[in-house]
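One-letter residues, chain by chain:
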Amino acid sequence: MKTANFHIVAVPTPVDNANNPDLSLVLRASETVGKVLKPGDIVVYESTVYPGATEEECGPVLEKASGLRCGVDFKIGYSPERINPGDKEHSFAKITKVVSGQDAQSLEIIASVYGSVITAGVHRAPSIKVAEAAKVIENTQRDINIALMNELAIIFDCLSIDTEAVLSAAGTKWNFLNFKPGLVGGHCIGVDPYYLTHKAETVGYIPQVILAGRRINDSMGKFIAQRTIKEMIRAGHSIQGCTITVLGLTFKENCPDLRNSKVVDIIRELQSYGVNVQVCDPMADAAESLREYGISLIPLDELVPAAAIVLAVAKGFEQRLGSVKNAEISHGEFVGLLVEDEKLYRENRRLQRLLGKARLRQPAAMEDIDHRHSRGLSRQVVAELSGSRWLETHRTVILTGPTGIGKSYLACALGNHGARAGFTVQYYRATRLFEQLMQARGDGTHLKLLAKLSKVQLLIIDDLMMTPMTEEERRDFFEIVEDRYERSATVVSSQCPANRWHEGIGDETIADAICDRLFHNAYKIELKGPSIRNDKQRGDGPEKKDDGNLESGVKKR
């Protein structure tokens, strides 16, 4: 931190048990940053705060810890975090970034820094307070809209009217807003409005609509529980001592986050009637659930028959509800179908996330490998690599052969397979990887990038040694190989034959160290034959089909 001149503070800003803003974490972070501040530095806050907090609360802490003057020796700014957990469409780079600074000069620097990574562009707010206020009203507006839908749902329930049917009919008008009733939890929508109302009260105004919306949304867990009990009584169930299954505990779908989950309110209210509640959520962390709420998560195969089921996080359940509505199935079968659907839904989203982060060069799959081309690619080894044992035991795969023979395709197929097996994957062209490492060396993030590479469970380095390595490249490559040796799986492809890698690496000592670690217990796959790319360009037919008895170019050392 001492070498940095641009500091970003993004820590949680929750509320306490009385719903008062808790700035303790952001103030402690300010003290930490303040101890390393230098003249000319800029500090940008991303945490949700009430208007004025950055300049009135954080600035003085920075001054005290640094001994410098805010606005003179160093500058501050505010750029609210806008990430929506579980939303893969609106990712960081695709969301317009609101930026603000203490003066015109700091604003332009802050806008330039964020603009270098935000493809959606930046919006320059005229002041820090404007940017702070924009953040809190974004979620306050959504909170109030959902509160309206929740109140309508309560009214329609009293009138025995189907809320979904009403919203569907009203939604046919072009300017009707598409909001749904539901639980409002998490660390943003259910918290941010209290920061605005707190500030309003300090200047003598008592908010009406905002606080009313909060009361409605905070009461929905109790309403759902009471509605469940009423339906059970109508169905003739005895309430005391009965069992109710609650499916889902996270505060929203596609997200493992349990913070401020309002599902807990449903569970607590049900328990107040003497009900035994069993909770199942394959997405949530069982240890965190027990630690934060004292709620034990029950695996699917341990659920017992229940008198009622509450679909608390129901995104993955909707289709199944329609398909089994009139089917005659047991409670256990029904719950099993629901949980399996939700599990599959979340696993698919996780796979999409892993593949997105992998950034594979091309779509490829192990099952699509074409064995008609006699390239010395053993079916047996392909079968072994189609399993997960080599990933679990941290094996290395070395792919060599001439251009156009399919090395990159096979590397990407292995990456696709790794992601499907649940491993984190990262693909790099070797030249671009070394360029990033060189840039990181210059901006002080070199060690951070190396640490990031060491944590990836499957690292793919494609087209290694297209040119002889420089001194910096071979040292970086050694660090990568050393950090990953017998800890993580690695795939390396190269046109350079394995017996000439010493020559390509350059330094005999470092080359020995690299090759010893890479080749030990590795799959060495040497692809042979003419360029498949050229065959396709010429429109030639397929080569003789591999009958499985071809001489294998695959060796294990």
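In this text the structure is predicted, and so the values were computed from the model without any measurement.

Caption draft 1: Region of the structure containing the overall build of the protein. Of the regular secondary structure elements, the protein holds 21 helices and 14 strands. The 557 residues of the protein split such that 45% are buried. Put simply, of all contacts in the protein between residues at least 6 apart along the chain, 77% involve residues at least 24 apart. A total accessible area of about 28,400 Å² is found for the protein, and carbon and sulfur atoms account for 51% of it.

Caption draft 2: Expanded view of the nonpolar core. Of all hydrophobic cores here, the largest spans 31 residues; its most connected members are Leu 385, Trp 390, Val 397, Val 491 and Ile 525. Looking at which element gives the most residues to this core, the answer is helix H15 (residues 407-420), with 6 residues. The contact partners of Val 397, leaving out residues within four places of it in the chain, are Leu 385, Trp 390, Leu 414, Thr 490, Val 491, Val 492, Tyr 523 and Ile 525. Judged by nonpolar contacts, the second largest core, of 30 residues, contains Tyr 428, Ile 505, Ile 514 and Leu 518.

Caption draft 3: The packing of aromatic side chains, seen in detail. For the structure shown, the criterion picks out 4 aromatic pairs. An angle of 75 degrees between the planes, with centres 6.5 Å apart, marks the rings of Phe 6 and Tyr 114 as edge-to-face. Of this pair, Phe 6 sits in strand S1 (residues 6-9) while Tyr 114 sits in helix H3 (residues 104-115); the two residues are 108 residues apart in sequence, bridging distant segments of the chain. Here the two residues Phe 6 and Tyr 114 agree in accessibility, since each one is buried. Centroid distance Trp 501 to Phe 519: 5.3 Å. Interplanar angle 45 degrees. Geometry classified as tilted. Of this pair, Trp 501 sits in helix H19 (residues 501-505) while Phe 519 is found in helix H20 (residues 508-519), placing the two residues 18 residues apart along the sequence. Residue classification places Trp 501 among the buried residues on the basis of a relative accessible area of 0%.

Caption draft 4: Layout of the confidence of the model for the protein. Overall, the prediction assigns the protein a mean pLDDT of 86, with 88% of residues at 70 or greater. Here residues 538-557 scores under 50 on pLDDT; set against residues more than four positions off or in separate chains, the count is 44 contacts.

Caption draft 5: Broad picture of the pairing of strand S3 (residues 75-78). Side-chain alternation along S3 places Lys 75 and Gly 77 on one buried face and Ile 76 and Tyr 78 on a second face that is also buried. Examined bridge by bridge, strand S2 (residues 42-45) and S3 share 4 bridges and lie parallel to one another. Residue Ile 42 lies in a different strand from S3, and its bridge partner there is Lys 75. Following the chain from S2 across helix H2 (residues 53-66) to the adjacent parallel S3, one finds a crossover that is right-handed. Summarising the sheet, S3 and strand S4 (residues 97-101) pair through 2 bridges and their orientation is antiparallel. If you follow Gly 77 over to S4, its bridge partner there is Gly 101.

Caption draft 6: Fine view of the pairing of strand S9 (residues 396-400). Buried residues dominate S9, accounting for 5 of its 5 residues. Examined bridge by bridge, S9 and strand S12 (residues 489-494) share 5 bridges and lie parallel to one another. Residue pairing for S12: Val 397 is matched across the bridge by Val 491. As paired elements, S9 and strand S13 (residues 523-526) share 4 bridges and run parallel to each other. Residue pairing in the sheet places Thr 400 in a bridge with Glu 526 of S13.

Reading guide: rules and limits
Residues numbered from 1 in each chain as written. Predicted model: local features only at pLDDT ≥ 70, side-chain atom pairs only at ≥ 80, totals over all residues. Heavy atoms only, no water. Helix = DSSP H or I, 4+ residues; strand = E, 2+ residues; numbered from the N terminus. Buried < 20%, exposed > 50% of the residue type's maximum accessible area, 1.4 Å probe, protein only. Contact = heavy atoms within 4.5 Å. Areas by Shrake-Rupley, 256 points an atom, 1.4 Å probe, with all protein chains shown as cover. Core = buried A, V, L, I, M, F, W, Y, C linked by side-chain atoms within 4.5 Å. Phe/Tyr/Trp six-rings, centres within 6.5 Å; stacked < 30°, edge-to-face > 60°. pLDDT = per-residue confidence, 0-100. Pairing = 2+ DSSP bridges. Right-handed = clockwise from strand over helix to strand, strands pointing away.

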